[in-house]
Structures are given as structure tokens and as C-alpha cells.
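# A structural walkthrough
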Amino acid sequence: MDEFKVGRLDGHPAKIRNVPIVVTPEGFWCCPSQAVLQKTIKNLNQQEARPKGGGASPCVSKASSVQRTPVISLEKRIHSTPTRSRTGSDEQVFPLADDVVPDPPKVSVSPAPEKRQKQHKISVGFGQLQMSDLKVMLYGREGVAVKMIVHKNILAENSTFFADKLSRQSPVSCIEVSDCEDVEIFVETVGLMYCKDVKQRLVKQTVARVLRILKVAESLGFPACIMSCLNYLEAVPWVGDEEENVVSSIRQLHCENYGVSPLLKRVASDLTNPPNDTLAHIIELVLKSSEDRGRREMKSLVLKLLKENNICTNGSSDSCVVTFYSSCQNCLESLLNLFRQASDPEFAEQSSDNKETIFRQITLEADNLLWLAEILADRNAADELTAIWANQGELAGLHCRIPVMHRHLVSCVTARLFVAVGKGEVLPSKETRQLLLDVWLQPLMDDYNWLQHACRSFDRKVVEEGIGQTILTLPLEDQQTILLTWLGRFLKVGDSCPNLQRAFEVWWRRTFVRPYAVQKGSSLQSGRS
């Protein structure tokens, strides 16, 4: 790191400030990062705020936290630094900062105010400084002022912004740019005008920094830099929040002649309608898979993605639901056919391999149906499935003939629908709720002990709450019939049966406590009259 000193532009005696810079062999004097500038300004302000005595010039304390190094004057540095011409150089300024800096610059040009706040001044040179014919004064945040020593022909050739300013009046020796939010990137972008291959200079940059350069390049009308930034963004991977930032920045480009569609094609399809055919194909592939691990992991992933974002929008929700119900119907038909085969008297005489094949298919179809029920319930679209399931009397009748280790997932489907009804995720009719309890509650009780001990995904408390709430939605007489039947079974098997004590307690109060209170209130009211 080297240091230099500059004089004040207003002609008054200047106070010497030590400013950290780096001088490259090509003659580029790199502007330090905003963080460095702000820290330096803060230290300087603290020093200036100290009381001064007797009008004497302030002395620098040896105990100061700012380390001082020998000062080299600006003029001496200019003559001692090797330089190159525009045509013979392919080098640029590389900034020293990390990417943790303010948002991309918002540049506006206005006449310099007559009286500015105290500026912290930095000088940056490009190309052959002896042949420079233009100065650009850049005023940024925190009182930072950067003087760029540049060449008119370079800026006019590459930037419509500078070309317009230079064409308004002649001769022009200085251009002022005020209210620049990102001084560091502005300086770097001007340095890129001196490079033959801008894209190559962006290779080692991060996506966040290139987006900042793109914003400044657009404000300066620097098409070569804009295209290089777009080419970089099109080729580089986007990680985490970078995708959202890139898409937002690209869509904010004011000019549409830069070919941004290859970039946006990474995140958007040309299809105007949601890809329902693709979704149906994915569902079919998952349902037909016979590899346990792959099927299990993809079911979990697809279910998570469907929960995170409803892909069926813009009026296509009905078509998505139709896709799910079509798969449900296929699974139900296959499951019923398999139950019939396994319940046939001749099935016992078949070989163990054939039996194992049938039982495995039962497990797969029941698992598929459970997955579809979870998807539909999560989307509040399982009303029809609840009605279909409540009418599967034949399937429920054959349920007890299948070994529990192969049929228990069928009871998981029943449990999931009870939970959906109890949580209000589905709103079936009273007849459907009554039929669902009449047809499937007993098979669920038969498998309850197995579900508790052999099914890791089974949540007993949630299921019992769902069953109880479903019962309590029925008329009081129907509640009594079901709960008294449950009570007799619960007193025999205990934990091998769902614990519906909370529902029983609500029914008890409805039956014995509330009528008594009503009668008592009526008698009191009649006595007063």
C-alpha cells in the first residue's frame, strides 16, 4: 500500500491526508473499498473534532491508532509510474474490496454546489496519464470525492453518457458526477473501458459484484460491459439468493436489445400454461417405482415441493386435481383387485413367491394411495376422496383377511382422512362422515396396535384427535352409539385401541350437563315471571 497527498480544489491551503492506494504496473491507481474509505473518514473526523488550542496547527500524536507511512506526492507518483497507451494495454483496475457494499449505483449529473461539505479526496488515473485530457470528479457518500484522470476519446467511444456530456460544449476539461451511491464500482466500470476483453476481466468476480457493475454500465450507456456482464451471468451458476437477485436485475434493464432471454430461460419456460402433463408424468413415474429408497425419497421431495409452492395456479388447479384423482382411482382399482386375489381360498395353495409378490404389490398400492391422500388433504381438495373411501365397503370387508403387516397402510389412509376431517382440511357431508366411521373405524381399531409399534410415521395423538373430532361433528345420538361401542372395546384391550377419552368427555357434557343447565335456567326464568 502506498500513500499520496492532494491539494484542495478550491485553491485554499490543503491539509495533508494519507490515502491508501495501490499502483499497478500499468498505471492504474485503484480506489480503496467503501468500507476502507468510511473507516478512514471516521478516523479523520474524530481527529478534527478534537479541541485545538491557540490557533496553532494541530500536531499528530504518536499514540494515534492510524499508522503513518512515508508520503509520496501526486506529481512524483505520476512521473515515476510506468504507463501504457489505450491501444497497447489490455489491463484494468481491480478493486480491493469484498462484495459487502451498498446497492448498485444510482448516478445523476448536476452542477457542483457552490459550497460543498468537506470532501475526502482520492485521485485515480488510467492509461497514459501524460496524455490525459479530461478529469471526472465523482462525488459519493460520506464526503468522498474521487478525481479520475481519463481520456476523452476512450470515454466517448465506450459510453453514451460521457459522449453526450462531451458533445454539449467544447472544450470540456472536467465533468462532475454527483450523488453516486457506489463510487468503487463506478471507478472500476470506467477502468473497464480501457480493456479489450471485458468478459475476461469478470471471470474472477462474484455474481453480486457483476450485478453492481451491470447497473453502473447501464447508467453509463456502456454496451460492451453490459453484454459481457450478461454473458457472465448466463454461464455462471447461481447459488442461494443469487437467482432472485439476477432475475430482478435483468428485468429492471431499461433496454431490451441486449438479448436477456437466454438468461431468463434458465428460470422460465416459453410455455404459457403450467406443465400439467409434466406433473402427471412425474406422479406416474413415482407411483410405478419399485425401488424402495428411490420411491420413498422422491415421494418425500415431491410432497415437500408441492407444500412449499402451489404450482397449480392461473386457473389450472382443477386440471391438477384431476391428475391426482385419476391416479387415486387407478390405485384403488388395483388395490381392490389385489385384495380379492389375496382373499381367494385358492390363494393359500399358491407358492410363497407368488404370495410375496401379491403382498408386496398391496403394500406399494396402499403406500401410493396414502401419498396421494396426503397431497390432496394438504391442498384442501380431499373431499371427493373422502366420499370415495367411505364407499369402499368391499375393500373394508376384505381387510380382515389380509395379514396386518401387509394391510396396515390401508388403515393409515383411513387415519389420514380422519385427521383431515378433524382439522377442517376437508368438509364432507354428514352422510359421508357417518359412512366413513361406520365402514372404516373398526378396521382401523383392528390395526391400531400394529400401527403404534411398527409404523414410525404414525402419530397416535393426532390420529386420536382427528377421530374424536370427526365423531363429535355427528348428531348427539350417533355420537353416543359410536362412543359406547368404543368404550366397550377400550375397556377390553386398553392401549391397543384409540384413546377417545376427550371426545367421550365432550359427549358426556353435551348429554348430561348441558340439558340440566338449560332446564335449570328455564325453571328460574319461569319462577321470576
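Look up a bit, the structure's there.
A brief look at the structure comes next. Positions within a chain are numbered from 1, following the residues in the order the chain's sequence is written. Only residues with pLDDT of at least 70 are given local features in this predicted model, and only at 80 or more are side-chain atom pairs given and counted; all residues enter the totals for whole chains, interfaces and linings. Hydrogens and waters are ignored; side-chain quantities use all the structure's heavy atoms.

### Some thoughts on the overall build of the chain
Spelled out, the test is: Secondary structure elements follow DSSP: runs of H or I no shorter than four residues count as helices, runs of E no shorter than two count as strands, and numbering proceeds from the N terminus. Burial classification: accessible surface area is computed with a 1.4 Å probe over protein chains only, and a residue below 20% of its type maximum counts as buried, one above 50% as exposed, and the rest as partly exposed. By definition in these notes, contact holds between two residues if any of their heavy atoms fall within 4.5 Å. Accessible surface is estimated by sampling points in the Shrake-Rupley manner with a 1.4 Å probe; for residues, cover comes only from the protein chains shown.
What the chain contains, in helices and strands, is 21 helices and eight strands. Expressed as a percentage of its 529 residues, the buried residues of the chain come to 43%. Sequence-distant contacts, at least 24 apart, represent 75% of the contacts inside the chain between residues at least 6 apart. Counting only carbon and sulfur atoms, one obtains 51% of the accessible surface of the chain, whose full area is about 29,000 Å².

### Some thoughts on the packing of aromatic side chains
Using the following cut-off: Ring geometry is summarised as follows: Phe, Tyr and Trp rings, the Trp one being its six-membered ring, pair when their centres sit within 6.5 Å, and such pairs are stacked at plane angles under 30 degrees, edge-to-face over 60 and tilted between the two.
Enumeration according to the criterion identifies eleven aromatic pairs in this entry. Consider the rings of Trp507 and Phe512, whose centres lie 6.0 Å apart with planes at 80 degrees: the pair is edge-to-face. The exposure class of Phe512 is partly exposed, given its relative accessible area of 46%.

### Quick word on the pairing of strand 7 (residues 144-150)
Rules: Pairing between two strands is assigned when DSSP locates at least 2 bridges connecting them.
For strand 7, a buried count of seven out of seven residues is recorded, marking the element as mostly surrounded by other parts of the structure. Residues Val144, Val146, Met148 and Val150 line one face of strand 7 and the alternating positions Ala145, Lys147 and Ile149 line the opposite face, and both faces are buried. Taken together, the six bridges between strand 6 (residues 134-140) and strand 7 define a ladder with antiparallel strand orientation. Directly across from Met137, in strand 7, lies its bridge partner Lys147. Between strand 6 and strand 7, which pair antiparallel in sequence order, lie three residues; one of them, Glu142, sits at a positive phi of approximately 55 degrees.

### Focus: the packing of helix 18 (residues 430-454) against helix 19 (residues 460-472)
Operational definition: Between N-to-C directions, angles span 0 to 180 degrees; the directions come from axes that are lines fitted to C-alpha atoms, helices contributing only their stretch in contact. Every angle not falling under 35 degrees, over 145, or within 65 to 115 is termed oblique; those three ranges are roughly parallel, roughly antiparallel and roughly perpendicular. Handedness of a helix crossing follows the sense of rotation of the near helix relative to the far helix, less than a right angle counterclockwise being left-handed and clockwise being right-handed. Each residue is assigned to one of three groups, with Ala, Val, Leu, Ile, Met, Phe, Trp, Tyr, Cys and Pro labelled nonpolar, Asp, Glu, Lys and Arg labelled charged, and all others, Gly among them, labelled polar.
In contact at an axis separation of 13 Å, helix 18 and helix 19 are set at 165 degrees when each is read in the N-to-C sense. Judged by the angle between their axes, helix 18 and helix 19 are roughly antiparallel. As for the relative orientation of helix 18 and helix 19, their crossing is left-handed in sense. Contacts between helix 18 and helix 19 involve Leu437, Leu441, Leu444, Tyr448 and Gln452 on the former and, on the latter, Arg460, Val463, Glu464, Ile467, Thr470 and Ile471. Class assignment for the residues of the contact of helix 18 with helix 19 results in seven nonpolar, two polar and two charged.

### Things to note about a nonpolar patch on the surface
As a reminder, the rule being used: Each patch is built from residues lacking any salt bridge and having more than 30% relative accessible area; the joining distance is 9 Å for like charges and 5 Å for nonpolar side chains (Val, Leu, Ile, Met, Phe, Trp, Tyr). For this analysis, a salt bridge means a side-chain nitrogen from Lys or Arg found within 4 Å of a carboxyl oxygen belonging to Asp or Glu.
Nonpolar side chains collect at one region of the surface, where Met298, Leu301 and Leu305 lie side by side and expose about 240 Å² of accessible area between them. Structurally, Leu305 can be placed in helix 12 (residues 292-308). Judged by relative accessible area, Leu305 falls into the partly exposed class, the value being 44%.

### Some words on the nonpolar core
Counted only if it meets this: The term nonpolar core refers to a set of buried residues drawn from Ala, Val, Leu, Ile, Met, Phe, Trp, Tyr and Cys, joined through side-chain atoms within 4.5 Å.
Residues Phe324, Ile362, Trp371 and Trp389 are the most contacted members of the largest nonpolar core, which totals 77 residues. When near neighbours in sequence (up to four residues on either side) are disregarded, Ile362 contacts Leu335, Leu338, Phe339, Ala342, Ile402 and His406. Counting residues in hydrophobic clusters, the runner-up holds 51 residues, among them Val144, Met148, Ile185 and Phe186.

### Considering the layout of surface pockets
In this approach a probe as big as a water molecule rolls over the atoms, and the regions it shows empty are the leftover space. To keep things clear, this is the line we draw: Each cavity reported here is a set of points on a 1 Å grid over the protein atoms alone in which a 1.4 Å probe fits but cannot get out, each pocket an open set with protein on both sides within 12 Å along at least five of seven lines, and each lining residue one with an atom within 4 Å of a point. Grid points are joined across faces, edges and corners, and a volume is the space filled by probe spheres set on the points.
Here the largest pocket defines a volume of roughly 1,100 Å³. Secondary structure elements with two or more residues in the lining of the largest pocket: helix 12, helix 14 (352-378), helix 17 (404-423) and helix 19. Here the lining of the largest pocket is composed, by residue class, of 13 nonpolar, four polar and twelve charged.

### Examining helix 17
For the α-helix, the turn length of 3.6 residues means that residues three or four positions removed from each other point alike. Stated formally: How far a helix is expected to stretch is found by multiplying one less than its residue total by 1.5 Å.
Look at helix 17: 28 Å from first C-alpha to last across 20 residues, which is about the 28 Å you get at 1.5 Å a residue. Extensive coverage of helix 17 is indicated by the burial of 16 of its 20 residues. Two residues or fewer past helix 17, Gly424 is found with a positive phi of approximately 80 degrees.

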